Amino acid sequence: PARTPEPVAIDDPPSALLSSERRDMAKIAIIGESGKVLGFGLAGAIILPAEEPEAVLAAWHSLGEDVAVVVLTSRAARTLAGRTASWPLTAVMPP
């Protein structure tokens, strides 16, 4: 069933509507080398910089249940090859 958004008063700022809608939205996480992932933070993604394989694995295991999509750098994807479940959906950046 579709969820009805919380009411927003006419004199509330436009951001009030966004914040009430965003509470239930799935999140996007980005895992990989800092130089390739930090810019995604400007779009509101969860940024998990990970330079070493151990950090990539730790970042993957730290993902919350509200993360629906994970974008991986190609190096992070190689580290996680064969170790991920079908959820969350993953996408790999081109090298």
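Quick note: structure is the one above.
Reference entry: report on the structure contained in this document. Everything numeric in this text was worked out from a predicted model, so none of it was measured.

Description of the overall build of the protein
Phase 1: In terms of regular secondary structure, the protein is built from four helices and four strands.
Phase 2: Counting helices and strands in the order they occur from the N terminus, the protein gives α-β-α-β-α-β-α-β.
Phase 3: Residues classed as buried in the protein amount to 28% of the 95 residues present.
Phase 4: Taking contacts inside the protein between residues at least 6 apart in sequence as the whole, the part at least 24 apart equals 38%.

Details of the pairing of strand β1 (residues 27–32)
Along any regular strand, the residues point their side chains to alternate faces of the sheet.
Phase 1: Where β1 meets strand β3 (residues 67–72), five bridges bridge the pair, whose relative direction is parallel. In the strand pairing of β3, A29 is matched with V70.
Phase 2: In this structure, β1 lies alongside strand β2 (residues 46–49), joined through four bridges in parallel fashion. Of the residues in β2, the one forming a bridge with I30 is I47.

Looking at the side chain of E33
Phase 1: Assignment of secondary structure puts E33 in the loop between β1 and α2 (34–37).
Phase 2: Leaving out residues up to four positions away in the same chain, E33 has contacts with A50, E51, T73, R75 and A76.

Rules used in this analysis
- Residues numbered from 1 in each chain as written.
- Predicted model: local features only at pLDDT ≥ 70, side-chain atom pairs only at ≥ 80, totals over all residues.
- Heavy atoms only, no water.
- Helix = DSSP H or I, 4+ residues; strand = E, 2+ residues; numbered from the N terminus.
- Buried < 20%, exposed > 50% of the residue type's maximum accessible area, 1.4 Å probe, protein only.
- Contact = heavy atoms within 4.5 Å.
- Pairing = 2+ DSSP bridges.

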